[in-house]
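Residues per chain, in single letters:
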Amino acid sequence: MAIIQDWLPTSRENYERILFWWQLYPLLGSLQWLVSWYGMGKTSVQSKFNIPGRIAWMTMEVPGFTTLLYIMSTLPTQHGIADLPWQNKVLAGLFVIHYTYRAVIFPIIQPSMSPIHVLVWSNAIIFQLCNATCLGSWLAAYGPTTQEEWKSQGWSVLQFSVGLVVFYVGLAANYFSDEELREIRRGELRRQAKLKQQGKTVEKHYEVPQNGLFKYMLYPHYFMEWVEWLGYWIAAGVACTPARCFLVNEFFAMLPRAVSGGKWYKQKFGEDKIKGKYVIIPGVY
């Protein structure tokens, strides 16, 4: 049963239309270079258009994997596909694994989350819906749907295995980098609670993360998420345009925020505190 006829799940014509525009997302992401404002995280400011952090995060991230699951469960039947190859199922599973953590577990286990502006929230939902529609449609019907079609794209078990390893290395490093940031926030909440007990004024406190990959860069959680989706693209194969788009679009969405964040660290703590650290790309920047 279609939620929106020919759009959710998509017809091939509409899939190709969405994918065409999705490949142009870097132009939209690049607009971030023109503004310094970003309404979430460290740069969140008070606004009547803010949404509480946990609620905003979960509601803007969940549409991604739920849309993909819906498409995977409905589109194959519409095209007479009785059973998808195991590669399609594994790739769908990897996407769901990532977003089960990112969309559901992450906001729950965060010690605190800053409010998120409604513009950031709405743009994130659009990103998730477009990405999941393109990936889900490719996996469900418009990419290879038989072993013969996979082989015709030059697929190999070795390539798929390498992609899986890269994906899981990125996923694990991303999680542990997040955990280092969570530990800093836990320490800050303990500090604030102690000051309140002493009747002292509580002001927000920041520090430069120093453990794990933070020894070498300011945004390892961003970089390792790129590594994760690079692995996904390797596993899916170079012919998987939606997987390539996801990686490229994440790069253009996240790089301006990291560069802006690097300037914030420098202004907040001074050059000496971050000396020797790359911002986001080891050996480059």
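See the structure shown above.
A brief structural summary. (Residues numbered from 1 in each chain as written. Predicted model: local features only at pLDDT ≥ 70, side-chain atom pairs only at ≥ 80, totals over all residues. Heavy atoms only, no water.)

### Describing the pattern of salt bridges
So, point 1. In this structure the tally under the stated criterion is nine salt bridges.
So, point 2. Salt-bridge contacts for Arg186 lead to Glu179; the nearest nitrogen and oxygen are separated by 2.9 Å.
So, point 3. As a salt-bridge pair, Arg190 and Glu183 come within 3.4 Å of each other at their nearest N and O atoms.
So, point 4. Each of the salt bridges in this network shares a partner with another, and the network as a whole consists of Glu179, Arg182, Glu183, Arg186 and Arg190. (Salt bridge = Lys/Arg side-chain N within 4 Å of Asp/Glu carboxyl O.)

### Some details on the nonpolar core
So, point 1. Membership of the largest hydrophobic core comes to 59 residues, with the highest contact counts inside it found for Leu68, Leu91, Phe95 and Tyr232.
So, point 2. Of all elements in the fold, only helix H1 (12–22), helix H3 (53–78), helix H4 (86–109), helix H5 (118–142), helix H7 (157–197), helix H8 (220–236) and helix H9 (241–269) reach the threshold of two or more residues within this core.
So, point 3. Considering each element in turn, this core owes the most residues, eleven residues, to H9.
So, point 4. When sequence neighbours within four positions are dropped, the list of residues in contact with Leu68 reads Ala92, Phe95, Val96, Ala132, Leu135, Gly136 and Leu139.
So, point 5. One finds Ile51, Ala56, Met60 and Phe106 within the second-largest nonpolar core, a separate group that totals eleven residues. (Core = buried A, V, L, I, M, F, W, Y, C linked by side-chain atoms within 4.5 Å. Buried < 20%, exposed > 50% of the residue type's maximum accessible area, 1.4 Å probe, protein only. Helix = DSSP H or I, 4+ residues; strand = E, 2+ residues; numbered from the N terminus. Contact = heavy atoms within 4.5 Å.)

### A word on the layout of surface pockets
So, point 1. Taken as a whole, the second largest pocket spans an internal volume of roughly 160 Å³.
So, point 2. As for the second largest pocket, its lining consists of Leu218, Gly262, Lys263, Lys266, Glu271, Ile274, Lys277, Tyr278, Val279 and Tyr285.
So, point 3. Class assignment of the residues belonging to the lining of the second largest pocket gives a composition of five nonpolar, one polar and four charged. (1 Å grid on protein atoms, 1.4 Å probe; cavity = no way out; pocket = protein on both sides within 12 Å on 5 of 7 lines; lining within 4 Å. Points joined across faces, edges and corners; volume = space filled by probe spheres on them. Nonpolar A, V, L, I, M, F, W, Y, C, P; charged D, E, K, R; others polar.)

### Some remarks on the environment of Glu271
So, point 1. The residue Glu271 is located in the segment after H9 in this model.
So, point 2. Residues Glu271 and His205 lie 66 residues apart in sequence; the distance between their C-alpha atoms is 18 Å.

### Quick word on the side chain of His98
So, point 1. When you line up the elements, His98 lands in helix H4.
So, point 2. On the accessibility criterion, His98 (0% relative accessible area) is buried.
So, point 3. For His98, the contacting residues outside a window of four places in its chain are Phe167, Leu171, Glu225, Glu228 and Trp229.

### Notes on the packing of H8 against H9
So, point 1. Running from amino to carboxyl end, H8 crosses H9 at an angle of 170°, the nearest separation of the two axes being 9 Å. In terms of their interaxial angle, H8 and H9 are classed as roughly antiparallel. Residue-level contacts link Tyr222, Glu225, Trp226, Trp229, Leu230, Tyr232, Trp233 and Ala236 of H8 to Ala243, Arg244, Phe246, Leu247, Glu250, Phe251, Met254, Leu255, Arg257 and Ala258 of H9.
So, point 2. For the contact of H8 with H9, a count of residues per class yields 14 nonpolar, no polar and four charged. (Axes fitted to C-alpha atoms, helices over the stretch in contact; angles between N-to-C directions. Parallel < 35°, antiparallel > 145°, perpendicular 65-115°, else oblique.)

### Concerning H9
Along an α-helix, residues three or four apart share an orientation, since each turn contains 3.6 residues.
So, point 1. The end-to-end C-alpha distance of H9, which contains 29 residues, comes to 41 Å, matching closely the 42 Å that a straight helix rising 1.5 Å per residue would cover.
So, point 2. Of all the bends in H9, the greatest, near 30°, is centred on Met254, and the proline Pro256 appears no more than four residues after it.
So, point 3. Immediately downstream of H9, the backbone of Gly270 shows phi near 90°, a positive value. (Expected span 1.5 Å × (residues − 1). Bend = angle between axes of the 7 residues up to and from the residue.)

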